[in-house]
Structure formats: structure tokens, C-alpha cells
Amino acid sequence: MESLPPSLRSSFSPTCLAQLANLEGTLGPVGKEALPSTSVKQGAVLVALFERPSSPGNLLVCLSTRAKHMRSHPFQTALPGGKIEPQDPTLASTAFREAWEEVAFPSQHDAMDPPTAHTLGVMTPFVSKYRIICHPVVCVTTPEVIDQLKPDPQEVDRVWEWPLSHVLSPKLVKDHSDFVGSLWDYEEEALNQTDDPWVGGSLYRHNRLRTSYTPLKGLTSEILVSVAIACYGENPDFVHLAPEQISFAEAVEVVVRQAEKGKALSASHTYGQGEMNGIRS
């Protein structure tokens, strides 16, 4: 963690700094760009990690719950982020731009004195069940920044935080006095799982984790499980992958390959129809 500015380094305990160093070693470069394919939808999300003095040695992650009136995924837990726009030079640019729009996370964090956040790197991309490729950008920040975040009511219902360790052990939710009133619609106490068809003929295991507010599920839970495994060097206390589930790296290759093939077939079909129409005329 030598690259971490002193003002941010002092916000973390030695325990958390060691965990963040483990994570940083698994990440791609900060300046990483989107995949060159124009046939697939791509987006980037921000995984903002921090530590509170009131809970030393425990990494926390900043989360949001989408507004109830949103057309897609209403009132679901999310990481700040969105789709990549043509003007975004890097994946980090997308993640921070979207985080600023959604929850007022400082987009010019590196230019501030002292810096309010520091980007550690970019994770290997993930694939949603809707075949959207998602690039998680990981940064560290301070409790002061998190406490000043303001959700845009057009997109976000609430900004909140959750201990990263609880992602590996959902039963720890019982340590929170407010978990009884959490928004949990499943019979299981803290973890619900289903295996569904995915890309490349593989199954995909949906892990739904109980929290003190809206559940962690879908791509959000998958990303955070991967972050926690990298930080702590431990696997979750539940089987988080379906039997013979392909890796996300393999899933990305399948999605891109199928999208490019579909684009080529579509172009060929359109050209052929044009020829047919020309002959008929």
C-alpha cells in the first residue's frame, strides 16, 4: 500500500491495511479501459471501502438502495455505478462519474488536498444474468466522505454501509440489533440460494444475503464475495458457486463471442434483405 496517500493511510488500522494490500494485488491497472467490443453492454461500479474508528480492524463497504420508482431493479441493493459513456476515458472515470451523480461521491477526489479517495485498481469483469458486463472499480476512502454522501432521490432511496466480513458469513447479520426489521422475504434466516441457467450452458448460483436493510443479491453479492475473498484470503462459509459453474472470465468470453456473432448475422441478414428488395424492385 505504498501508493496510498498519508492522509488516507492514517484512516486505516494495520489489520485493514494488510487486507487492502491483499486485495490490491489481485486488481488490474487504474487506467484500464472498457472491452473493445461494441456489441455488448458494459458498465462500471464503485466499490468504496473504509474503516470507522468505532470499529477498528473491520472494513466497511458503501452501498446504496435504488429508488422504489426505478424501472429496473427497484428498491434493490447496489454499488454506485452505471453504463459506460463515450466520453469516459477509463472504467474508473465511469464509476466515479456515476457515483457522483447518484450519491455525490467526490469525482475529483485526487485533486483535493488532502485526497478524499484513492483508487486501488479494477477487478476482472463480471457478467449479469442480463448479459451486461460489469467492471468493478475499487477505491478506499474515509468515514468523513461517506458521512457527507447525499443520495439523488431520483435514483437512490438510501446510502448505507455493511461490514465486508459479513459477506463471507451471512449469519453474522444476527449481531446487528436492527436485522429483525430488515427487508427479507425468504424463509431462510440469512442466506437464500437458487441455481438458474446462465451463459454457455452453465448454471449460475444466485446468492441472496440478509443485511440490516435490503438484501445483497445478484451481481452486487458476487462482486463483494470476490472482494472479501481477496481481502481475507478465505472462502465464504457457504458454497457460493453452482456445480461446474464457469468462471466470470469465461462467461465474459462467451457473451462477447455470441454478441459479435449475432451482430455479424444481423448485418448479413440486413444486407441480404437489401439485395432481395433491390431485385424485386
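Everything here concerns the structure above.
Residues numbered from 1 in each chain as written. Predicted model: local features only at pLDDT ≥ 70, side-chain atom pairs only at ≥ 80, totals over all residues. Heavy atoms only, no water.

Q: In this structure, what is going on with the overall build of the protein chain? I would like to understand it.
A: On a plain count of helices and strands, the protein chain comes out with 7 helices and 10 strands. With the C-alpha coordinates of the protein chain rotated into their principal frame, the extents come out at 75 × 50 × 35 Å. In the protein chain, buried positions account for 49% of the 281 residues. Intrachain contacts of the protein chain at a sequence separation of at least 6 include 67% that bridge at least 24 residues. Summed over all atoms, the accessible surface of the protein chain reaches about 14,000 Å², with 53% contributed by carbon and sulfur. Both charge centroids of the protein chain, one from 23 positive and one from 33 negative side chains, sit 7 Å from each other. (Helix = DSSP H or I, 4+ residues; strand = E, 2+ residues; numbered from the N terminus. Buried < 20%, exposed > 50% of the residue type's maximum accessible area, 1.4 Å probe, protein only. Contact = heavy atoms within 4.5 Å. Areas by Shrake-Rupley, 256 points an atom, 1.4 Å probe, with all protein chains shown as cover. Lys, Arg positive; Asp, Glu negative; His and termini not counted. Charge placed at Lys NZ, Arg CZ, Asp CG, Glu CD.)

Q: Please clarify how the state of the cysteines should be interpreted in this entry.
A: By definition, a disulfide links the sulfur atoms of two cysteine residues through a covalent bond. The full count for this structure, using the stated rule, is 0 disulfides. The thiol of C134 is not disulfide-bonded; the next cysteine sulfur, from C139, is found 14 Å away. With no disulfide partner, C231 has as its closest neighbouring cysteine sulfur the one in C16, 8.7 Å distant. (Disulfide = S-S within 2.5 Å.)

Q: Got a minute to help me understand the environment of I223 in this structure?
A: Structurally, I223 is set in helix α6 (residues 218–232). A relative accessible area of 2% places I223 in the buried class. Sequence separation between I223 and T124 is 99 residues, and the spatial gap between their C-alpha atoms is 9.7 Å. If we ignore the near neighbours within four places in the chain, the residues touching I223 are V45, V47, L79, M123, F126, C134 and P136.

Q: Would you mind going over the packing of aromatic side chains with me for this structure?
A: Geometrically, a pair of aromatic rings is defined through the distance of the ring centres and the angle of the planes. Applying the stated criterion across every chain, the model contains 9 aromatic pairs. With a centroid separation of 4.9 Å and an interplanar angle of 70°, the aromatic rings of W184 and Y186 are classed as edge-to-face. Judged by relative accessible area, which is 25%, Y186 ranks as partly exposed. Each ring, one from W198 and one from F248, has its centre 5.3 Å from the other, and the planes form 75°; the classification is edge-to-face. Of this pair, W198 sits in the loop between β9 (191–197) and β10 (203–209) while F248 sits in helix α7 (residues 248–280), placing them 50 residues apart in sequence. For W198, a relative accessible area of 11% gives the class buried. Taken together through their ring pairs, the aromatic side chains of F75, W160, W162 and Y213 make up a single cluster. We note K68 situated over the ring of F75; from NZ or CZ to the ring centre the distance is 4.9 Å. (Phe/Tyr/Trp six-rings, centres within 6.5 Å; stacked < 30°, edge-to-face > 60°. Lys NZ or Arg CZ within 6 Å of the ring centre and 35° of its normal.)

Q: For this particular structure, what's the right way to read the side chain of T65?
A: Take T65: it is sitting in strand β2 (residues 60–66). Within the structure, T65 has its side chain in polar contact with the side chain of W160 (distance 2.9 Å). The residues contacting T65, other than those within four sequence positions of it, are F75, Q76, T77, V156, D157, R158, W160, Y213 and T214. (Polar contact = N/O pair within 3.5 Å; in protein donor to acceptor, adjacent residues only side chain to side chain.)

Q: How do you make sense of α6 when you look at a structure like this?
A: Between the first and last C-alpha of α6 there are 22 Å, a value that for 15 residues agrees with the 21 Å anticipated at 1.5 Å per step. With 12 of 15 residues buried, α6 is to be regarded as a mostly interior element. Residues G218, L219, T220, S221, E222, I223, L224, V225, V227, A228, A230 and C231 constitute the buried set of α6. One or two positions beyond α6, positive phi appears at G233, with a value near 65°. (Expected span 1.5 Å × (residues − 1).)

Q: Would you mind showing me how to read the environment of T194 here?
A: Looking at the element boundaries, T194 is found in strand β9. Those residues in contact with T194 that sit more than four places away from it in its chain are Y204, R205, H206 and R208. Only 3.1 Å separates the side chain of T194 from the side chain of R208, close enough to count as a polar contact.

Q: Looking at this model, I keep getting lost on helix α3 (residues 91–103). Mind explaining?
A: An α-helix turns once per 3.6 residues; consequently, residues spaced three or four apart project the same way. Relative to the 18 Å expected for 13 residues at 1.5 Å per residue, α3 spans 18 Å between its end C-alpha atoms, a close match to the ideal helical length. Along α3, 10 of the 13 residues are buried, which leaves the element largely enclosed by surrounding structure. For α3, the complete set of buried residues consists of L91, A92, T94, A95, F96, R97, E98, A99, E102 and V103. Summarising the contacts, the buried residues of α3 are in contact with β1 (42–50), β2, β4 (81–83), β5 (117–122), β7 (133–141) and β8 (156–163). At the C-terminal side of α3, A104 shows a positive phi close to 65°.

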